[in-house]
Amino acid sequence: MADQGKLTLYSYWLSTCAHRVRITLNLKGLDYEYKAVDIVKGDQSEPDFVRINPMKFVPALVDGDTVIGDSFAIVLYLEEKYPQTPLLPQDLKKKALNFQIASIVSSGIQPLQNFVVVNYIEQKLGSQEKDAWHIDQFNRVFTALEKLLNGCARKYAVGDEIGLGDVFLAPQLYYVIKKFHMDMSNYPILARLHAAYEEIPAFQAAAPENQPDAPSI
Amino acid sequence: MALESIEPQKLKLYNYWRSSCSQRVRIALNLKGLDYEYKAVDLSKDEQFDPEYEKLNPVKYVPTLVDGEVVVADSFAIILYLEEKYPQHPLLPKDLKKKALNIQIASIVTSTIQPRQNLPVEIDFIEGRFDLDKKLLWAQHYLNKGFTALEKLIKDCAGKYATGDEIQMADVFLEPQIHAGITRFEIDMSKFPTLARLHEAYMKIPEFQAAVPEIQQDAPRGS
């Protein structure tokens, strides 16, 4: 097990990308300093953050003098450097399924809910259209995911151990169910997985409302 | 003792000439010297919805790779699978930081740029609701934004290629996106000198040349 240096995570409480990394850090038992970047206010353009991450994306991980941007890159970096609680099975086919699920979430769903895109649509077409479009996209991708999971999900997304697929699914499901109140009755496997994730301490601790920058209600 | 030589089953790649996701995998297969059978799935005729294809890949995207009994879908998953199963011409460096950089570049292409131009998603929606020429503006806006971010990221780490002097995963993901930007979305590459230089370099490499959309067997004549 690699010695843990000082880890710092630049994160926004509601960002599903940051949420993935928080889950990963928790699963691997890695302590980290939480640095909030309010992407709605535009903190990602502040000179201090730009110095760390000129790409201005959240999340960013600092590990000693290594800076990694992008949740996919961060999670795979953590997986290799801190192999405890591995997120990828040895079996090549199961490993590929985990990557496929993660990829569908990160390129098939998340970009569609990105608030810059959403604001653009709302501006052009109004709030109702925006919501209708959202639901349409979520349904399209969830239908595909449900079919895929039908072939491989058991206790978790790919088999009985938590894997990369779960790390990417959980924040997405959290977002659509808790923030969007989406009707999941057509997606029993996804709904069941969401319920399972809600029971796991490492996932609970990573939930948006438990972050230091979550607004107190 | 006579040994039966068992011909390894040829890889099959279900893909579409113009799909940049498919092009990534074609490049990776070529770089690793892996022969494959080209199985065309015509997205313009909705062939991805054929029951036969759906049985193979319930998600109905391209590309899908068949390697004997193993079926792998999604270009990211396929390339990481190939990287592990066929380690010749490795596409990821051993150094963790450089590896992360390659994944980051690939991820920027797949999650912030390519989805913006992706055929079924936004074009259909936009064509239905927006003017036809706004569709191009939409794609251009996000391609320019994405290329600006990539240019910033790569400027300081590029060598002969995107992350050094060897072809790596980042290059495999970059070239199809740059190609699409130039041929389909009229992106002005003079704004992105590093990306433009890389594109010129890729076009000198046979493995990249052979993967170009317009010369694939299912490309329409006169592409």
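For chain B, the name recorded in an unreviewed UniProt entry is glutathione transferase, with Rhynchospora pubera as its organism. UniProt, in its Sequence similarities (unreviewed entry) section for chain B, records the words "Belongs to the GST superfamily. Zeta family." The UniProt entry for chain B carries the following text under Catalytic activity (unreviewed entry): "RX + glutathione = an S-substituted glutathione + a halide anion + H(+)".

Under an unreviewed UniProt entry, the name given to chain A is glutathione transferase, and the source organism is Rhynchospora pubera. Recorded in UniProt for chain A, the comment headed Catalytic activity (unreviewed entry) runs: "RX + glutathione = an S-substituted glutathione + a halide anion + H(+)". Among the UniProt annotations of chain A, the heading Sequence similarities (unreviewed entry) holds the following wording: "Belongs to the GST superfamily. Zeta family."

Draft legend 1. The overall build of chain A, seen in detail. Counting secondary structure elements, chain A contains 9 helices and 4 strands. Its helices and strands in sequence order give chain A the pattern β-α-β-α-β-β-α-α-α-α-α-α-α, from N to C terminus. Whereas a compact globule of 217 residues would reach a radius of gyration of roughly 17 Å, chain A reaches 17 Å, a difference of no more than 12%. Each principal axis of the C-alpha distribution contributes one length, and for chain A these read about 45 × 45 × 30 Å. Contacts in chain A between residues at least 24 apart in sequence constitute 69% of all its contacts with a sequence separation of at least 6. Accessible surface for chain A amounts to roughly 9200 Å². Of this, 50% is attributable to carbon and sulfur atoms. The averaged location of the 26 negative side-chain charges in chain A is 3 Å from the averaged location of its 21 positive side-chain charges.

Draft legend 2. Region of interest: the overall build of chain B. Along its length, chain B carries 9 helices and 4 strands. When its helices and strands are written in sequence order, chain B yields β-α-β-α-β-β-α-α-α-α-α-α-α. Looking at chain B as a whole, 56% of its 223 residues are labelled buried. Here the contacts in chain B between residues at least 6 apart in sequence split such that 69% fall between residues at least 24 apart.

Draft legend 3. Broad picture of the interface of chain B and chain A. Across the contact, 40 residues belong to chain B and 40 residues belong to chain A. Contact between chain B and chain A buries roughly 3600 Å² in total, counting both sides, with carbon and sulfur atoms accounting for 68%. Our count for the contact surface shared by chain B and chain A stands at 3 salt bridges. Of the charged contacts, one joins B:Glu54 and A:Lys147 as a salt bridge, the two residues approaching to 3.0 Å between their closest N and O atoms. Here chain B and chain A share 6 residue pairs in polar contact (both at pLDDT 80 or more) between them. Listing elements by their share of the side of chain B that touches chain A, those giving two or more residues are strand E4 (70–73), helix H3 (75–85), helix H4 (96–117), helix H5 (119–129) and helix H6 (132–155) of chain B.

Draft legend 4. Spotlight on helix H1 (residues 20–31) of chain B. Residue and element names in this part refer to chain B. Taking 1.5 Å per residue, 12 residues should reach 16 Å; H1 reaches 16 Å between its end C-alpha atoms and fits that length. Most of H1 sits out of view: 12 of its 12 residues are buried. Note on H1: the residue one or two positions beyond its end, Gly33, has a positive phi of about 65 degrees.

Draft legend 5. Examining the UniProt feature "domain: GST N-terminal" (unreviewed entry) in chain A more closely. Within this structure's numbering, the places UniProt gives as "domain: GST N-terminal" (unreviewed entry) are residues 5–86 of chain A. Along residues 5–86 of chain A one finds 35% helix and 21% strand; the C-alpha atoms at either end are 19 Å apart.

Draft legend 6. Highlighting the nonpolar core. Grouped together as the largest cluster of nonpolar side chains are 130 residues, with contacts concentrated most on A:Leu169 and B:Leu174. Tallying contributions element by element places helix H7 (residues 164–179) of chain A first for this core, with 9 residues. Judged by nonpolar contacts, the second largest core, of 12 residues, contains A:Tyr10, A:Tyr12, A:Tyr34 and A:Val37.

Draft legend 7. Structural detail: the pattern of salt bridges. All chains considered together, the criterion is met by 14 salt bridges over all chains. For A:Glu33, the salt bridge is made with A:Lys6, and the minimal N-O distance between the two is 3.0 Å. A residue pair is termed long-range when its members are at least 10 positions apart, and A:Glu33 in strand E2 (residues 33–36) and A:Lys6 in the segment before strand E1 (7–11) qualify at 27 residues. By relative accessible area, which is 31% here, A:Glu33 ends up partly exposed. Measuring nitrogen to oxygen at the nearest pair gives 3.5 Å for the salt bridge that ties B:Asp42 to B:Lys45.

Draft legend 8. Representation of the sheet that holds E4(B). All names here are of chain B. With respect to topology, 4 strands assemble into an open sheet ordered E2-E1-E3-E4, the strand pairing being mixed. The open sheet is flanked by strand E2 (36–40) and E4, the only strands paired with a single partner. The average angle at which neighbouring strand axes cross in this sheet is 20 degrees, direction not considered. The pairing of strand E1 (residues 11–15) with strand E3 (residues 64–67) spans 3 bridges and is classified as antiparallel. Counterpart to Lys12 in the pairing with E3 is Val66. Sheet strands in contact with H1 are E1, E2 and E3, and its direction is about 155 degrees off that of E1. Packing of H3 onto the sheet brings it into contact with E3 and E4, and relative to E4 it is tilted by some 135 degrees.

Draft legend 9. Spatial organisation of the confidence of the model for chain A. When pLDDT is averaged along chain A, the result is 90; 91% of the residues meet or exceed 70. Highest mean pLDDT in chain A belongs to helix H9 (residues 201–206) of chain A (98); lowest belongs to helix H5 (residues 115–125) of chain A (67).

Draft legend 10. Molecular detail of the sheet that holds strand E4 (residues 66–69) of chain A. Residue and element names in this part refer to chain A. The strand order across the open sheet built from 4 strands is E2-E1-E3-E4, with neighbouring strands paired in mixed fashion. Of all the strands in the sheet, just E2 and E4 have a single pairing partner and so form its edges. Across the sheet, the axes of successive neighbouring strands diverge by a mean angle of 20 degrees, strand direction being ignored. Pairing analysis gives 4 bridges linking E1 to strand E3 (residues 60–63), with the strands arranged antiparallel. Bridge pairing in E3 places Leu9 opposite Leu61. Across the sheet, helix H1 (residues 16–27) lies against E1, E2 and E3, angled at about 155 degrees from E1, the strand it touches most. Lying over the sheet, helix H3 (residues 71–81) contacts E3 and E4, oriented at roughly 135 degrees with respect to E4.

Conventions we followed
- Residues numbered from 1 in each chain as written.
- Chains lettered and ligands numbered in written order.
- Predicted model: local features only at pLDDT ≥ 70, side-chain atom pairs only at ≥ 80, totals over all residues.
- Heavy atoms only, no water.
- UniProt positions renumbered as here; feature names shortened; annotations may be inferred.
- Helix = DSSP H or I, 4+ residues; strand = E, 2+ residues; numbered from the N terminus.
- Rg over C-alpha atoms; globule rule 2.2 N^0.38 Å.
- Contact = heavy atoms within 4.5 Å.
- Areas by Shrake-Rupley, 256 points an atom, 1.4 Å probe, with all protein chains shown as cover.
- Lys, Arg positive; Asp, Glu negative; His and termini not counted.
- Charge placed at Lys NZ, Arg CZ, Asp CG, Glu CD.
- Buried < 20%, exposed > 50% of the residue type's maximum accessible area, 1.4 Å probe, protein only.
- Buried area = accessible area lost by both parts, 1.4 Å probe.
- Salt bridge = Lys/Arg side-chain N within 4 Å of Asp/Glu carboxyl O.
- Polar contact = N/O pair within 3.5 Å; in protein donor to acceptor, adjacent residues only side chain to side chain.
- Expected span 1.5 Å × (residues − 1).
- Core = buried A, V, L, I, M, F, W, Y, C linked by side-chain atoms within 4.5 Å.
- Pairing = 2+ DSSP bridges.
- Axes fitted to C-alpha atoms, helices over the stretch in contact; angles between N-to-C directions.
- pLDDT = per-residue confidence, 0-100.

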